[in-house]
Structure formats: C-alpha cells, structure tokens
Amino acid sequence: KHLDDLKHSIEYHQPDNVLAVSRAAPLTLGLEGRNVSHIQSADGLQQQSRHKLAYVHDLLEHLAVEEGRQLLAALRDVYADIIYAECRLTEDGWNHTMFAELGFRQLESYKEGSDTRGLFYFDIYQYKLTPDWLNARFWANPERWDLWED
C-alpha cells in the first residue's frame, strides 16, 4: 500500500529527473523513460546535481538517526525540490516529530503487523506560502511617513 501511494505521488509531479536513495536497486514506480539517478548512502550525494524529485526508501531505519537527519537536510537544502521519505516509525528511532522538525509533512501512516510505517514529503514550493497580510498594502506606505512627524 505505501509503495502505491509513493508511486501515485511521484506520478502526480511528473518529474524529468529523480534521485532514488535506497539500499537496494531503485524502485521503478512508473519512472520508465525518466532520468533516474540512484545512490545507496549520503556518500553518493556529492556527485549529484539538483533533482526535481527525490525519494528515500528502505534506508533511514538502517542509519543512525543523526546520519539520517543530515541526509534528509542535504536533500532538502541542496539536492531536490520535492522529497518523499518512507520508513519504519518507532519510539526510540524515527518518529513524526523528527520529520516535522525538518519541514516534512506526513502523507500517510501504515500498519504492517506490529510495525508502523510512515510516508512523509517535503515540497519547497509549498513549504512557506506567502500569507495575504504580508504585502506592501499593509506594511510599506512611504507616502504616509511624514504624517506623524513632530
């Protein structure tokens, strides 16, 4: 189920280039005919350019939490506009709060036996939308600056 949701999310964006970050071979996920780069750890990031979309699968739960946080932060800040990350959630490992601290939103949560898996995403274009009140109409009125001078 979680791979179907990941596939549909990726198909929605129609990316030309994708960075797959996983321990095993990259998932196909309907990406045939697209430029797909694959790395198995953060060590491979230095050779990468910026991608429209990256997904992380079957990797975070196998890394130390700090190493995984650094990987997601690097992907978010330098290597991808949109990121999907899927991993097993635990009390002492990865949890919802850790993803939220990195600016990720939860897309889905899945129960697999006694395990809970989560699918999270980060989209730089939806991260911080400009609120209506943040514009010149409310803030910058230079024509009124001299009205209250003593």
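This text follows the structure it describes.
Here is what the cut-offs are and how they apply
- Residues numbered from 1 in each chain as written.
- Predicted model: local features only at pLDDT ≥ 70, side-chain atom pairs only at ≥ 80, totals over all residues.
- Heavy atoms only, no water.
- Helix = DSSP H or I, 4+ residues; strand = E, 2+ residues; numbered from the N terminus.
- Polar contact = N/O pair within 3.5 Å; in protein donor to acceptor, adjacent residues only side chain to side chain.
- Contact = heavy atoms within 4.5 Å.
- Core = buried A, V, L, I, M, F, W, Y, C linked by side-chain atoms within 4.5 Å.
- Buried < 20%, exposed > 50% of the residue type's maximum accessible area, 1.4 Å probe, protein only.
- Salt bridge = Lys/Arg side-chain N within 4 Å of Asp/Glu carboxyl O.
- Phe/Tyr/Trp six-rings, centres within 6.5 Å; stacked < 30°, edge-to-face > 60°.
- Pairing = 2+ DSSP bridges.
- Axes fitted to C-alpha atoms, helices over the stretch in contact; angles between N-to-C directions.

Caption draft 1: Structural view of the side chain of Ser 22. Here Ser 22 shows up in strand β1 (residues 17-22). Of note is the side chain of Ser 22, whose polar atom sits 2.9 Å from the backbone oxygen of Ala 24. In terms of polar contacts, Ser 22 uses its side chain to reach the side chain of His 38, at 3.1 Å. Apart from residues no more than four positions distant in its own chain, Ser 22 is found in contact with His 38, Ile 39, Gln 40, His 57 and Leu 59.

Caption draft 2: A look at the nonpolar core. By size, the foremost hydrophobic cluster in this structure holds 26 residues, and its most contacted members are Leu 60, Leu 72, Leu 75, Phe 99 and Phe 104. Those residues within four positions of Leu 72 in sequence are excluded, and the remaining contacts are Val 56, Leu 60, Ile 83, Ala 85, Trp 94, Phe 99, Leu 102 and Phe 104. One finds Leu 53, Ile 82, Tyr 110 and Leu 119 within the second-largest nonpolar core, a separate group that totals 11 residues.

Caption draft 3: Molecular detail of the environment of Leu 6. In this fold, Leu 6 is placed in helix α1 (residues 2-13). For Leu 6 and Phe 120, which are 114 residues apart along the polypeptide, the C-alpha to C-alpha distance reads 9.5 Å.

Caption draft 4: Examining the pattern of salt bridges more closely. Within the structure shown, the criterion is met by 7 salt bridges. Measuring nitrogen to oxygen at the nearest pair gives 2.8 Å for the salt bridge that ties Asp 81 to Arg 50. One end of the pair, Asp 81, is in strand β4 (residues 80-89); the other, Arg 50, is in the loop between β2 (35-39) and β3 (51-57), with 31 residues separating them in the sequence. Salt-bridge contacts for Arg 69 lead to Glu 66; the nearest nitrogen and oxygen are separated by 4.0 Å.

Caption draft 5: Spatial organisation of the packing of aromatic side chains. The final tally for this structure, using the stated rule, is 5 aromatic pairs. Plain terms: the ring middles of Phe 99 and Phe 120 are 3.9 Å apart, the flat faces sit at 5° to each other, and that makes the pair stacked. Residue Phe 99 is found in helix α3 (residues 96-101), and its partner Phe 120 is found in strand β6 (residues 115-123); the two are separated by 21 residues along the sequence. Like Phe 120, Phe 99 is buried. Note on Phe 104 and Phe 122: the rings are 5.8 Å apart at their centroids and 45° apart in plane angle, and the pair reads as tilted. Within this pair, whereas Phe 104 is found in the loop between α3 and β5 (105-112), its partner Phe 122 is found in strand β6, the two being separated by 18 residues in sequence.

Caption draft 6: Structural detail: the sheet that holds β2. What the 6 strands build is an open sheet, ordered β2-β1-β3-β4-β6-β5; its pairing is mixed. Two strands close off the open sheet at either side, each with one partner strand: β2 and β5. Across the sheet, the mean angle from the axis of one strand to that of its neighbour is 15°, orientation sign disregarded. Relative to β6, β5 is paired through 7 bridges, and the arrangement is antiparallel. Across the sheet, Glu 108 pairs through a bridge with Leu 119, a residue of β6. Against the sheet, helix α2 (residues 65-79) engages β1, β3, β4 and β6, with an angle of about 165° to β4.

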